[in-house]
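What follows is each chain in one-letter form.
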Amino acid sequence: MRSTGFRRTLAAIGACSLAFAASACGSGDDDTASGKTRITVNCMPPKSAKVDRQFFEQDIASFEKQNPDIDVVAHDAFPCQDPKTFDAKLAGGQMEDVFYTYFTDAKHVVDINQAADLTPYLKELKSYGTIQKQLRDIYTVDGKVYGIPRTGYSMGLIYNRKLFEKAGLDPDQPPATWEELRADAKKIAALGGGTVGYADYSAQNQGGWHFTAELYSQGGDVVGADGKKATIDTPEGYAVLQNLHDMRWTDNSMGSKQLLVINDVQQMMGSGKLGMYLSAPDNIPILVKEKGGNYKDLALAPMPGGKGTLIGGDGYMFNKKASPAQIRAGLKWLDAMFLTPGDGFLGDYARANKADAPVGLPEPRLFTGAADEKDQQVKKANANVPVENYQAFLDGNQQLQMKIEPPNAQQIYSVLDGAVSAVLTKKDADIDQLLKDASGKIDSILARS
């Protein structure tokens, strides 16, 4: 799954702009006859996202001014990557020269032979060595580099400080274990008036996504290291479902309405009626700007359990038909657009602050060393949200294992949705049988892949 904000973790764009429908998105024609190298890129914010669109266009114009030998043609739509058309665009030769991907796409695009090998050109990307190795490794397959990470997210626990105080809890001491979370949720729900202590998703594949995050937090895995067998029918998998069942039916701390999806839970949190839910940091501005929440009331803690957290994110890969000149131009564009600390579309925090876009949210750090120091320094100087509310998340994440989503994630999440929804809607749900059935279905999915 992707996280849900637009700024800092852009939702993706999946189809060529109609303005360019007459020509292929990624033809490999670098147009050197005109004296310029032409590259097509995607994931330009749609016109409806006025501020981001303006920034994106400004940055392309600035890049072209500094690099008069490069012509950048950006395509926009929403979302950047539509799973229904992604493979068809690749197979049909309609993908842009430089195209957006989720972390989970990397190996698949390489396996179907649609990605250019960037390894010989990495010296053209000044920032490459400054990017976190664990993120670089996501786009490294069999020792070769096929993509460049751009942003990341990790799951944590959003909670309402005001409700914590009302329930007699210390808002500066969020729950560190699932046992503590269960106890805190019960106290918050006891406030009454429709207040819910803890909410979770259980439909539209989102229940499976959160099951995975909760399993990681307890040290478990959805799929074995060889990628061939499910590993959910374990004590850790049982603990995830038993905990949800007990909070729902024994503690009555999750409310009676179930089969929730992200918008439902965001509405509850924004209205001040929810104590806690799992989320990435980019949910916070949505809760404030769209759901009626207040920055000072919202805080973020690391995943309970203390063992792991689910991470996701995005980056760019290159069309296998891209010429060497286009690859070099595209890497130079990525450097300027996304990978210069304190500058560019994602890093110009001063510009974002002036436009009232949130600055200071605790995104996982993309850079290391001096690059990271500069990025953090500029971010801190322009922060316009209560960064102290997120310190627990930043500190706690340093101790957690960062784990990406499983292979065939969406198909697996669909299976796990059934298990999560069952324990939240059926008091007599048989957890052992649910895990056994789900394991068999996941094994079948993996066998077909």
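About the thresholds
Every chain begins its residue count from 1, and numbering advances along the sequence as written. Given that the model is predicted, a residue must reach a pLDDT of at least 70 before its local features are reported, and side-chain atom pairs must reach 80 or more before they are shown or counted; all residues, however, enter totals for whole chains, interfaces and linings. Heavy atoms from the whole structure form the basis of all side-chain values; hydrogens and water molecules are not counted. Strands are runs of DSSP state E lasting at least two residues, helices are runs of H or I lasting at least four, and both sets are numbered from the N terminus onward. We call two residues contacting when some pair of their heavy atoms lies within 4.5 Å. Stacked, tilted and edge-to-face are the three classes assigned to paired rings of Phe, Tyr and Trp, where Trp is represented by its six-membered ring and a pair needs centres within 6.5 Å; plane angles under 30 degrees give stacked, over 60 edge-to-face, the rest tilted. Sitting over a ring, as applied to charges here, requires NZ of Lys or CZ of Arg to be within 6 Å of the ring centre and within 35 degrees of the ring normal. Only protein chains enter the accessibility calculation, which uses a 1.4 Å probe; a residue whose area is less than 20% of its type maximum is buried, one above 50% is exposed, and one in between is partly exposed. In this scheme, strands are said to pair when DSSP sees at least two bridges between them. Axes here mean lines fitted to C-alpha atoms, for a helix over just the part in contact, with angles spanning 0 to 180 degrees between N-to-C directions. Note on charges: Lys and Arg go in the positive column, Asp and Glu in the negative column, and His and the chain ends are not counted at all. The term salt bridge refers to a side-chain nitrogen of Lys or Arg lying within 4 Å of a carboxyl oxygen of Asp or Glu. Roughly parallel means an angle under 35 degrees; roughly antiparallel, over 145; roughly perpendicular, 65 to 115; everything else is oblique. Left-handed describes a crossing whose near helix is turned anticlockwise from the far helix through less than a right angle; right-handed describes the clockwise counterpart. Charged residues are taken to be Asp, Glu, Lys and Arg, nonpolar residues to be Ala, Val, Leu, Ile, Met, Phe, Trp, Tyr, Cys and Pro, and polar residues to be all remaining types, Gly included. Cysteine sulfurs are considered disulfide-paired once they come within 2.5 Å of each other.

**Observations concerning the environment of A329**
Step number 1: Residue position: A329 is located in helix 11 (residues 324-338).
Step number 2: Those residues within four positions of A329 in sequence are excluded, and the remaining contacts are T37, I39, F63 and I70.

**Observations concerning the packing of aromatic side chains**
Step number 1: With the rule as written, the count across this model stands at 13 aromatic pairs.
Step number 2: A ring pair is formed by Y100 and Y316, whose centres lie 6.4 Å apart and whose planes are at 90 degrees; its orientation type is edge-to-face. In this pair, Y100 is assigned in strand 3 (residues 98-102) and Y316 in strand 11 (residues 308-318), connecting sequence segments 216 residues apart.
Step number 3: Every member of this aromatic cluster is reached through a ring pair, and the members are F56, Y100, Y102, Y316, W333, F338 and F345.
Step number 4: The ring centre of F338 lies 5.0 Å from the NZ or CZ of R150, which sits over that ring.
Step number 5: Geometry around W249 places R248 over its ring, the cationic atom sitting 3.9 Å from the centre.

**Brief notes about the environment of L259**
Step number 1: Looking at where L259 falls in the secondary structure, it is placed in the loop between helix 8 (235-250) and helix 9 (262-270).
Step number 2: Separated by 110 residues in sequence, L259 and G369 place their C-alpha atoms 44 Å apart.

**Here's the deal with unusual backbone geometry**
Step number 1: For Q204, which is not glycine, the phi torsion reads 55 degrees and is therefore positive.
Step number 2: With phi around 60 degrees, L259 is a residue other than glycine that occupies positive phi space.
Step number 3: For L259, a relative accessible area of 48% corresponds to the partly exposed category.

**What to know about the pairing of strand 6 (residues 147-154)**
Step number 1: For strand 6, the tally of buried residues reaches eight of eight residues, placing the bulk of the element in the interior.
Step number 2: Here strand 6 runs beside strand 11; their pairing, made up of seven bridges, is antiparallel. For Y153, the partnering residue across the bridge sits in strand 11 and is G312.

**As for the sheet that holds strand 7 (residues 156-160)**
Step number 1: As summarised here, the arrangement of the four strands in space is 8-9-7-10, forming an open sheet in which the pairing is mixed. Pairing within the sheet leaves two strands with one partner each, and these edge strands are strand 8 (196-198) and strand 10 (298-302). Across the sheet, the axes of successive neighbouring strands diverge by a mean angle of 25 degrees, strand direction being ignored.
Step number 2: For strand 8 and strand 9 (residues 274-279), the ladder comprises two bridges, and the chain directions are parallel. The partner of Y198 across the bridge, within strand 9, is M276.
Step number 3: Against the sheet, helix 9 touches strand 7, strand 8, strand 9 and strand 10, its axis set at about 140 degrees to strand 9.

**Description of the side chain of D97**
Step number 1: With respect to the secondary-structure elements, D97 resides in the loop between helix 2 (86-91) and strand 3.
Step number 2: For the buried residue D97, which engages in no salt bridge, the nearest side chain bearing the opposite charge is R38, 5.4 Å off.

**Observations concerning the packing of helix 7 (residues 206-217) against helix 8**
Step number 1: It is at 9 Å that the axes of helix 7 and helix 8 come closest, and there the two elements cross at 120 degrees. Comparing their axes, helix 8 and helix 7 come out oblique. For helix 7 against helix 8, the interelement crossing comes out right-handed. Only E236, G237, V240, L241 and L244 of helix 8 make contact with helix 7, whose side of the interface consists of F211, E214 and L215.
Step number 2: Its residues assigned to classes, the contact of helix 7 with helix 8 comprises five nonpolar, one polar and two charged.

**What about the pattern of salt bridges?**
Step number 1: For the structure shown, the criterion picks out 18 salt bridges.
Step number 2: Here D172 and R161 are joined by a salt bridge, their closest N and O atoms 3.1 Å apart. Note that D172 is positioned in the loop between helix 5 (161-166) and helix 6 (178-189) and R161 in helix 5, a separation of eleven residues in sequence.
Step number 3: Linking K229 and D443 is a salt bridge whose minimum nitrogen-to-oxygen distance equals 3.9 Å. Of this pair, K229 sits in the loop between helix 7 and helix 8 while D443 sits in helix 17 (residues 431-448), and the two are 214 residues apart along the sequence.
Step number 4: Connected through shared salt-bridge partners, R53, E57 and D76 make up one network.

**A look at the environment of L434**
Step number 1: By the secondary structure assignment, L434 is in helix 17.
Step number 2: A residue is classified by how much of its surface remains accessible, and L434, at 18% relative accessible area, is buried.
Step number 3: In sequence terms L434 and A422 are twelve residues apart; their C-alpha atoms lie 8.2 Å from each other.
Step number 4: If near-sequence neighbours (up to four positions away) are discounted, L434 is found in contact with A419, A422, V423 and A429.

**What to know about the packing of helix 1 (residues 50-66) against helix 11**
Step number 1: It is the contact of helix 1 with helix 11, at a shortest axis distance of 10 Å, that shows an interaxial angle of 125 degrees. For the element pair helix 1 / helix 11, the angle class is oblique. Relative to helix 11, helix 1 is oriented so that their crossing is right-handed. Here helix 1 contributes F56, D59, I60 and F63 to the contact with helix 11, which in turn contributes A329, K332, W333, A336, M337 and F338.
Step number 2: Considering only residue class, the contact of helix 1 with helix 11 consists of eight nonpolar, no polar and two charged.

**A look at the state of the cysteines**
Step number 1: Applying the stated rule across the entire model yields one disulfide.
Step number 2: Disulfide pairing places C43 opposite C80 at an S-S distance of 2.2 Å. On the S-S bond that ties C43 to C80, the torsion sits near 75 degrees, and the link is right-handed. Taken as a pair, C43 in strand 1 (residues 37-44) and C80 in the loop between strand 2 (70-76) and helix 2 lie far apart in primary sequence, 37 residues in all. The same class applies to C43 and to C80, which are both buried.

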